[in-house]
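This is what each chain is made of:
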Amino acid sequence: MPDAFEPKIVAFFCNWCTYLAADLAGTSRLKYAPNVRTVRVMCSGRVDPQFVLEAFAQGADGVLIGGCHPGDCHYQEGNYKALRRYELLRRLLNQMGIENERFRLEWISAAEGERVKAVVNDMVEKVRALGPLVIREHEEVA
Amino acid sequence: MKPRIAFYWCASCGGCEEAVVDLDEALLDVANAVEIVFWPVALDFKRKDIEALPDGSILAGFINGAIRNSEQREMVELLRAKARVIVAFGICAQLGGIPGLANLSDAKDILAEVYRDGVSPQVRYSDNGRTLNLPAFYDTVKTLDAVIDVDYYVPGCPPTPNIIGDAVNALLGADLPPKGAVLAPDKALCEECPRKDTRPEKLLVKEFKRVHQILPDQETCLLAQGLVCLGAATRSGCDARCIRGNMPCTGCFGPTSRVRDFGAKALSAIASVADCNEESSVAQVMDALPDPVGTFCRYSLPSALLNRRRME
């Protein structure tokens, strides 16, 4: 029997909120799916769309961005920029055949360890249901 | 002996060939200074003429167009063997260009669309012991450097006369540019834009417009007027010709050297200036851009980090 599919999720977490929330989840001994590879960034606004595309190109089945709630950005408006880029990039990814469930932006404050657990578990299950992201399965290479 | 030059075209529209002819009298100077050994669009040479030349005996091969079938691949591999320098000429050879948007589809769907219920071309056909071979049509359009080693890039759709002139001079000069160089200025188009001074300090756009929806003012920054102008993400060197024609930049000179994926950076630049913060209003503003791939990856899809639509 083939090995069961375990989704690989790359998560870009803001240093000031979601990363601390993930830390809190850890110190609170909350258990959540181990499918997430976390990359700490200083702000969700630092997440260049190139990072997201690179993650998908290198085999991620999903990409999660975690930032501060609206109004709470450490740099005033980085999360708003993240939101605008996310909304446009999500549409571009749709055109490339990548479903909405594979690309997610969530606002998670430093106090919301439970929410990290809930979001990660939910995303892992949704991506698991979609199956692996294979871009060029049937390509004929001549 | 004059240095030998070859020109070839792959998946392209012919505009790059036109750009060479548009050198006008300067073309005669070039033709006097070099021996043109191959140029299918203009002169009658055959593939066997190139095959007969010793390896490395051509100074430079200028190749335009993307690679989308096996014949193009064979021809550029042949030219690579014969030429000491290969120049990817024009944005299709450099990044894939307009033909690269076919990567939103695949060979099966394209052939079905074009030939409908008619006779579909076969790669190999045999009849009465005779065999006919046709080039294989690829699922994915490729950049030139995905197929052969490329020494220099001349961007543009097509490259402008001043860019071509500078490139030729660079190649004929004593000091060759570093291998892999894009032979155009390495700064953004906004830097040389004639409307640069009208660009607000903090540029915010309430609503994106498409070119058929407004009559843009002829003096003011086009992005500030809501048109999706990609000058901020695009390499300069074109002398802002589209802007001077009151049309926004669509990115045909590709990115500057610091950028890996043009479409991603162009998308990032445009999204950042949208003047909206609520989730519902952001979605509404972005609805005005119904085709992000066609807008931001118009010339660059085969070079992108994700360079094709996911195949079913």
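What you see is a predicted model, and the numbers here were worked out from it, not measured in a lab.

Definitions and cut-offs
- Numbers given to residues run from 1 along each chain, matching the order in which its sequence is written.
- Each chain is given a letter, starting from A, and each ligand a number, starting from 1, according to the order in which they appear as written.
- Since the coordinates come from a predicted model, pLDDT governs what is reported: local features require at least 70, and pairs of side-chain atoms require 80 or more to be given and counted, while whole-chain, interface and lining totals use all residues.
- Counting from the N terminus, the helices are DSSP H or I runs at least four residues long and the strands are E runs at least two residues long.
- With C-alpha atoms as the basis for the radius of gyration, the globule rule is written as 2.2 Å multiplied by the number of residues raised to the power 0.38.
- Each residue is classed by its C-beta neighbour count within 10 Å, where at least 20 other C-beta atoms makes it buried, 12 or fewer makes it exposed, and intermediate counts make it partly exposed; the C-beta atoms are placed from backbone geometry.
- By the convention adopted here, residues make contact when the C-beta atoms placed from their backbones lie within 7 Å.
- Two strands are counted as paired when DSSP detects at least two bridges linking them.
- Interaxial angle, 0 to 180 degrees, is taken between N-to-C directions of lines fitted to C-alpha atoms, where a helix line uses only the stretch in contact.
- Residue type decides the class: Asp, Glu, Lys and Arg count as charged, Ala, Val, Leu, Ile, Met, Phe, Trp, Tyr, Cys and Pro as nonpolar, and the leftover types, Gly among them, as polar.
- Any set of buried Ala, Val, Leu, Ile, Met, Phe, Trp, Tyr and Cys residues joined through C-beta atoms within 7 Å is what this text calls a nonpolar core.
- By convention here, the domain bounds are inherited from an automatic or database domain assignment.
- Working rule for handedness: look at the near helix, and if it is turned counterclockwise from the far one by less than a right angle, call the crossing left-handed; if clockwise, right-handed.
- The labels follow the angle: roughly parallel below 35 degrees, roughly antiparallel above 145, roughly perpendicular from 65 to 115, and oblique for the rest.

Enquirer: Help me understand the overall build of chain B in this model?
Expert: The helix and strand tally for chain B stands at 11 helices and nine strands. The C-alpha atoms of chain B give 21 Å as radius of gyration, which agrees with the globular expectation for 312 residues (20 Å, within 12%). Out of the 312 residues in chain B, the part that is buried amounts to 45%. Considering only contacts within chain B whose residues lie at least 6 apart along the sequence, 75% involve residues at least 24 apart.

Enquirer: Would you mind going over unusual backbone geometry with me for this structure?
Expert: One can expect most non-glycine residues to show negative phi and most peptide bonds to be in trans. Residues and elements named next belong to chain B. Between Cys157 and Pro158 the backbone carries a cis peptide bond, its omega angle lying at -10°. Mapped onto the elements, Pro158 comes out in the loop between strand S9 (152-154) and helix H7 (161-172). The phi dihedral of Asp239 falls on the positive side, at around 65°, and the residue is not glycine.

Enquirer: How should the sheet that holds strand S2 (residues 35-38) of chain B be read in this particular structure?
Expert: Backbone hydrogen bonds hold the strands of a sheet together, and the pairing may be parallel or antiparallel. Residues and elements named next belong to chain B. Strand order in the open sheet made by the five strands is S2-S1-S3-S5-S9, with parallel pairing throughout. Looking at which strands have only one partner, the edges of the open sheet turn out to be S2 and S9. For this sheet, the mean inter-axis angle between neighbouring strands, taken without regard to orientation, is 30°. In this sheet, S2 lies alongside strand S1 (residues 4-9) in parallel orientation, the contact comprising three bridges. Directly across from Arg4, in S2, lies its bridge partner Glu35.

Enquirer: Even after reading the chapter, I still don't get the interface of chain B and chain A, so can you show me in this structure?
Expert: The interface is formed by 32 residues belonging to chain B together with 29 residues belonging to chain A. Of all the secondary-structure elements, those providing two or more residues to the side of chain B that touches chain A are strand S8 (137-142), helix H9 (262-272), helix H10 (279-286) and helix H11 (292-296) of chain B. Among the elements that take part in the side of chain B that touches chain A, H9(B) stands out by supplying six residues, more than any other. Partitioning the side of chain B that touches chain A into residue classes produces 19 nonpolar, five polar and eight charged.

Enquirer: What is the right way to look at H9(B) in this model?
Expert: An α-helical turn contains 3.6 residues, so a residue and the one three or four places further along point in the same direction. H9(B) sits mainly inside the fold: 10 of its 11 residues count as buried. Of the residues making up H9(B), those classed as buried are Phe262(B), Gly263(B), Ala264(B), Lys265(B), Ala266(B), Leu267(B), Ser268(B), Ala269(B), Ile270(B) and Ala271(B). If you follow the buried residues of H9(B), they end up packed against helix H2 (49-57) and helix H3 (78-95) of chain A together with helix H5 (91-95) and H11 of chain B.

Enquirer: I'm lost on the pairing of strand S3 (residues 58-64) of chain B in this one. Help?
Expert: The side chains of a regular strand alternate, first on one face of the sheet and then on the other. Residue and element names in this part refer to chain B. Burial analysis of S3 places six of its seven residues in the buried class, the great majority of the element. Pairing geometry for S1 and S3, over five bridges, is parallel. Bridging across to S3, Ala6 finds its partner in Gly61.

Enquirer: Teacher, can you tell me more about the nonpolar core here?
Expert: Soluble globular proteins tend to bury their nonpolar side chains together. Membership of the largest hydrophobic core comes to 135 residues, with the highest contact counts inside it found for Ile9(A), Val63(A), Ala6(B), Ile63(B), Val154(B) and Leu267(B). Counting contributing residues per domain, this core is built from domain 1 (4-100 + 140-172) and domain 3 (185-306) of chain B, each supplying no fewer than three. Setting aside anything within four residues of it in sequence, one finds Ala6(B) in contact with Val37(B), Phe38(B), Ile58(B), Gly61(B), Leu79(B) and Ala83(B).

Enquirer: Would you take a moment to explain the environment of Leu227(B) for this structure?
Expert: Residues and elements named next belong to chain B. Structurally, Leu227 can be placed in the loop between H7 and helix H8 (241-244). Judged by local crowding, Leu227 falls into the buried class, with 20 C-beta atoms found within 10 Å. Once the C-alpha coordinates of Leu227 and Pro248 are considered, the two residues, 21 residues apart in sequence, prove to be 6.7 Å apart. With residues up to four places along the chain from it excluded, the contact list for Leu227 reads Lys209, Val211, Pro216, Leu222 and Pro248.

Enquirer: It is not clear to me how the packing of H2(A) against H9(B) should be interpreted in this structure. Could you clarify?
Expert: At a closest axis distance of 8 Å, the pairing of H2(A) and H9(B) adopts a crossing angle of 145°. For the pair H2(A) and H9(B), the sense of crossing is right-handed. Contacts between H2(A) and H9(B) involve Pro49(A), Gln50(A) and Leu53(A) from the former and Ala264(B), Lys265(B), Leu267(B) and Ser268(B) from the latter. Broken down by class, the residue content of the contact of H2(A) with H9(B) amounts to four nonpolar, two polar and one charged.

Enquirer: Would you take a moment to explain the sheet that holds strand S3 (residues 62-67) of chain A for this structure?
Expert: Residue and element names in this part refer to chain A. One open sheet holds the four strands; their spatial order is S2-S1-S3-S4, and the pairing between them is parallel. In this open sheet, the two edge strands, each paired with only one partner strand, are strand S2 (36-41) and strand S4 (103-107). Across the sheet, the axes of successive neighbouring strands diverge by a mean angle of 20°, strand direction being ignored. The pairing of strand S1 (residues 9-14) with S3 spans five bridges and is parallel. Among the inter-strand pairings, Phe13 is bridged to a residue of S3, identified as Gly66. Its contacts with the sheet put helix H1 (residues 18-27) on S1, S2 and S3, and the angle it makes with S1 is roughly 110°.

Enquirer: Which parts of the structure should I look at to understand the domain arrangement of chain B?
Expert: Accessible area lost upon the coming together of the parts is a frequently used measure of interface size. Segmentation of chain B into domains returns domain 1 (4-100 + 140-172), domain 2 (105-133) and domain 3 (185-306). Each of domain 2 of chain B and domain 3 of chain B has a C-alpha centre, and the two are 40 Å apart.

Enquirer: I would appreciate a short explanation of the packing of H1(A) against helix H4 (residues 113-130) of chain A in the present structure.
Expert: The geometry of a pair of packed helices is captured by two quantities: the angle between their axes and the separation between those axes. All names here are of chain A. Their axes nearest at 7 Å, the elements H1 and H4 cross at an angle of 95°. In terms of their interaxial angle, H1 and H4 are classed as roughly perpendicular. For the pair H1 and H4, contact is made by Thr18, Ala21, Ala22, Leu24 and Ala25 and by Gly113, Arg115, Val116 and Lys117, respectively. Tallied by class, residues from the contact of H1 with H4 come to five nonpolar, two polar and two charged.

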